[in-house]
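The primary structure of each chain is shown beneath.
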Amino acid sequence: MSCFGNLVWDVNKRLIGYSEPNTIRTNYLGRREFVQRLKLEATLNVHDGCVNTISWNETGEYILSGSDDTFLVISNPYNKKVKKSIRSGHRANIFSAKFMPHTNDQEIISCSGDGIIYYTHTEKSPEYNRQCQFTCHYGTAYEIMTVPNDPYTFLSCGEDGTVRWFDLRMKTSCTKEDCKDDILINCRRAATSISISPLVPYYLAVGCSDSSVRIYDRRMLGTRATGNYMGRGTTGMCVRFVPSHLSNKSCRVTSLCYSQDGQEVLVSYSSDYIYLFDPKDDQARELKGPSEERREELRQPPVKRLRLRGDWSDTGPRARPESERERDGEQSPNVSLMQRMSDMLSRWFEEASEAQSSRGTRPQTRPRGDQESNTSAGGPTGTASSELPDSPAPVPTSSGTSAPTTSISNTTSTGSSRPSTAEPVLSLHYSSEGTTTSTIKLDFTDEWWTPASTETSSSAASSSAAAQGQSEGSPEGHGTASSTQETPQQESAPDTSGGCRRAEPGTDEAQEGQSQPARANQDSDDSDDDPILIPSTRRSAAARIQELFRRRKERREMEESETQNIRRPSVKMVYKGHRNSRTMIKESCFWGNNFVMSGSDCGHIFIWDRHTAEHLMLLEADNHVVNCLQPHPYDPILASSGIDYDIKIWSPLEQSPSFNRVLADEVITRNELMLEETRNTITVPASFMLRMLASLNHIRSDRLEGDRSEGSGQENEDEQ
């Protein structure tokens, strides 16, 4: 058997065909010493933005990567040279890109934060490639999946809740308005990740924003284009997996991965952990409902904190939990403007909560007109708290995160009971409408004034970005966890917009308007059984009623599905220690038969023993967030990427195992603390704070003007 010192020579022998491709894998990959000898071998500086997607070609000679810079790059990791750099045509961050099988690496499928899919031929002109686009998805398209040994078809999933199946023999582009021709599955909630069984490719796993993983048999499914579309979201479903503690929450799935033998599935959740399950298992069929304590928790959602897009202060190897920083009295001299503004927002939010609590049962101001339409239908609005939408559609920001489109409603109290010059009390109300719009209402009142309210609201622009890694309670771009979450129980909302590009002025504004234009008939549908989640900034009463009927119909379908042969697996293994909350594209995957890996918001790569969940290795791999991990198809080599503008190549080149367990334990402890601290954090655009300050200033001005007018009137009365 080869020793580790001969690894480079063994790799070269495989490249020249002197040894079998699987020989290297057999000799090196199965042993614990292998992962504990991993070392950074090369850095590929091939992009000018966060690298949100990487994938090897079939032979393992090249890496395809996509970035916030909207370029597709094919590079050689051995000589560090770029084979081809392609201006993709995407206008938003690229979230996923794959070579089509058996096309000699000349055909590429990619998708981006604005929902557009491009079919790119590396030997064709840019003008030709720009015409080969599919604009069928509404909102973000999260992932592209090719079918093994099939050079003609591919699948995609997105925020609109659909999984679509395209056949390049039928068409190489589609710009049809409100297109439903290629819908294979309508999940009726955001479909954030997909995976195909490598040995039985008609099994398709779909991860959704309601914490569920659904496995479908594609032989029972079809599209309108093929003439056999079934319409029902449960048709063809044979497995439904939800960890028991997430059954009443909405944690987004950021990654799905089948094992090589197709016998197990690995699923990673935003603001939670990584789970392993066996699709053939059926031990979790009888799921208990939430306890009374849990129901009370759901009725009183936790207080939300605010973070500005672009604030990455809680990511990377040097990030520390607040409790640790306060204990040590740490004052960083390099605190960014974004971090300071985030801290200010959080303080206001906490003070608002305390002020509201001190007022006890004092009646709340009831907004009128527009303000009522800004709250979700049937959904309570919590003071100084946050509830996430039932079917939100986040707008992706750089780094793959997604953030809610936020509107600010300012309610100021006026009245005649008693004038007051005291500073108004600020109370914050957070709710979401169910697709892409979240509403944060600012209620300025004081104890002496009778609440007659006026309100102004403005829609905050959210920027499209590709995949950087922003996902701590509120995932941001870069593949960060999407910020619009589907149900009030969702614990954190990823921010998808501006964390990826570093301190570039005007990033938010520059990216506005790059997503697909909203359709006029957003909530209309030609089929009662095929509603699609379509983003809207303000939903009509008819749309809300339609959504109510959708939910009732879905409940009926799920009740009917209970009688079908749908297996409900239980959790087989849980992998903890990492942190996944700032980005929506955080990948976890198998490496060989014995290891499981994941990126993390702490900038490290985590490697566990697949069978025992023991933590085996920790690699510092990014200054902020590690999003993507892709093992080489044959060699014991790993490629990683994240918020940094490069791709890193790792090989077992250390002379002896070098796992620092003490450091690993420290990182794991910090991650657990920071996961809790940021679990209920909302990421908002910087324009939110500017609008809030402007509104506060306007209210102060109006109040001062009112005091002057009242004083003038009193003087006139005295003179008379």
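This is a predicted model, so every value here is computed, not measured.

Considering the sheet that holds strand 38 (residues 647–651)
Pairing is antiparallel in the open sheet, where 4 strands are placed in the order 1-38-37-36. Each edge of the sheet is formed by a strand with only one pairing partner; in this case those strands are strand 1 (39–44) and strand 36 (626–631). Pairwise comparison of adjacent strand axes, ignoring direction, gives a mean angle of 25° for this sheet. Bridge analysis of strand 1 against strand 38 gives 5 bridges, and the strand direction is antiparallel. Its bridge partner lying in strand 38, Leu44 is registered against Ile647.

Describing the nonpolar core
Core analysis: the largest hydrophobic core is formed by 35 residues, its most contacted members being Phe34, Val35, Leu266, Tyr575, Trp591, Ile605 and Ile607. Within the second largest apolar cluster, 21 residues are counted, among which are Phe95, Tyr142, Met145 and Leu204.

Here we look at the side chain of Thr70
With respect to the element layout, Thr70 can be found in the loop between strand 3 (63–67) and strand 4 (71–76). Non-local contacts of Thr70, meaning those with residues more than four positions away in its chain, are made with Ile86, Arg87, Ser88, His90, Arg91, Ala92 and Ile94.

A closer look at the side chain of Arg610
On the secondary structure map, Arg610 appears in the loop between strand 34 (604–609) and strand 35 (615–620). Within polar-contact distance, the side chain of Arg610 engages the side chain of Glu264 at 2.6 Å. Not counting residues up to four positions away in its chain, the partners in contact with Arg610 are Ser259, Glu264, Leu276, Met573, Tyr575, Phe590, Gly592, Asn593, Asn594, Phe595 and Val596.

A short note on the sheet that holds strand 33 (residues 595–598)
Spatially, 32-33-34-35 is the arrangement adopted by the 4 strands of the open sheet, whose pairing is antiparallel. A strand with exactly one partner marks an edge of an open sheet, and here the two such strands are strand 32 (588–591) and strand 35. When strand polarity is set aside, the average angle formed by the axes of neighbouring strands in this sheet is 20°. The pairing of strand 34 with strand 35 spans 5 bridges and is antiparallel. Bridged to His604 within strand 35 is Glu620.

Some thoughts on helix 11 (residues 661–677)
The terminal C-alpha atoms of helix 11, which comprises 17 residues, lie 24 Å apart, in line with the 24 Å expected from a rise of 1.5 Å per residue. For helix 11, the complete set of buried residues consists of Ala664, Val667, Ile668, Arg670, Asn671, Met674 and Leu675. Seen along its axis, helix 11 keeps its buried residues to an arc of 170°; they face one direction.

Notes on the pattern of salt bridges
Inspection of the entire model under this criterion finds 21 salt bridges. In this structure, the salt-bridge partner of Arg164 is Asp160, at a minimum N-O distance of 3.3 Å. Exposure remark for Arg164: the relative accessible area of 0% places this residue in the buried category. A relative accessible area of 0% means that Asp160 is categorised as buried. Between Asp601 and Lys586 there is a salt bridge, with the nearest N and O atoms lying 2.9 Å from each other. Linking Asp601 in the loop between strand 33 and strand 34 with Lys586 in the loop between strand 31 (573–575) and strand 32, this pair joins segments that are 15 residues apart in sequence. The pair Asp601 / Lys586 is uniform in exposure class, with both members buried. Several salt bridges converge on common partners, so that one network encompasses Arg189, Asp210, Arg214 and Arg240.

Comments concerning the UniProt feature "repeat: WD" (unreviewed entry) in the chain
With numbering aligned to this structure, UniProt lists the feature "repeat: WD" (unreviewed entry) at residues 44–74 and 619–651. End C-alpha to end C-alpha, residues 44–74 measures 11 Å, and it is 0% helix and 52% strand. In this annotation, residues 619–651 is assigned 0% helix and 55% strand; the end-to-end C-alpha distance for the span is 12 Å.

Here's the deal with the environment of Thr612
Relative to the assigned elements, Thr612 resides in the loop between strand 34 and strand 35. Judged by relative accessible area, which is 49%, Thr612 ranks as partly exposed. Each C-alpha atom of the pair Thr612 and Asn594 lies 9.6 Å from the other, and the pair is 18 residues apart in sequence.

Describing the pairing of strand 6 (residues 94–99)
Counting buried residues in strand 6 gives 5 out of 6 residues, a clear majority hidden from the surface. Inspection of the sheet shows strand 6 paired to strand 7 (residues 107–112) by 5 bridges, in the antiparallel sense. Bridge pairing in strand 7 links Ala97 to Ser110.

Reading guide: rules and limits
- Residues numbered from 1 in each chain as written.
- Predicted model: local features only at pLDDT ≥ 70, side-chain atom pairs only at ≥ 80, totals over all residues.
- Heavy atoms only, no water.
- Pairing = 2+ DSSP bridges.
- Helix = DSSP H or I, 4+ residues; strand = E, 2+ residues; numbered from the N terminus.
- Axes fitted to C-alpha atoms, helices over the stretch in contact; angles between N-to-C directions.
- Core = buried A, V, L, I, M, F, W, Y, C linked by side-chain atoms within 4.5 Å.
- Buried < 20%, exposed > 50% of the residue type's maximum accessible area, 1.4 Å probe, protein only.
- Contact = heavy atoms within 4.5 Å.
- Polar contact = N/O pair within 3.5 Å; in protein donor to acceptor, adjacent residues only side chain to side chain.
- Expected span 1.5 Å × (residues − 1).
- Arc of directions from axis to C-beta.
- Salt bridge = Lys/Arg side-chain N within 4 Å of Asp/Glu carboxyl O.
- UniProt positions renumbered as here; feature names shortened; annotations may be inferred.

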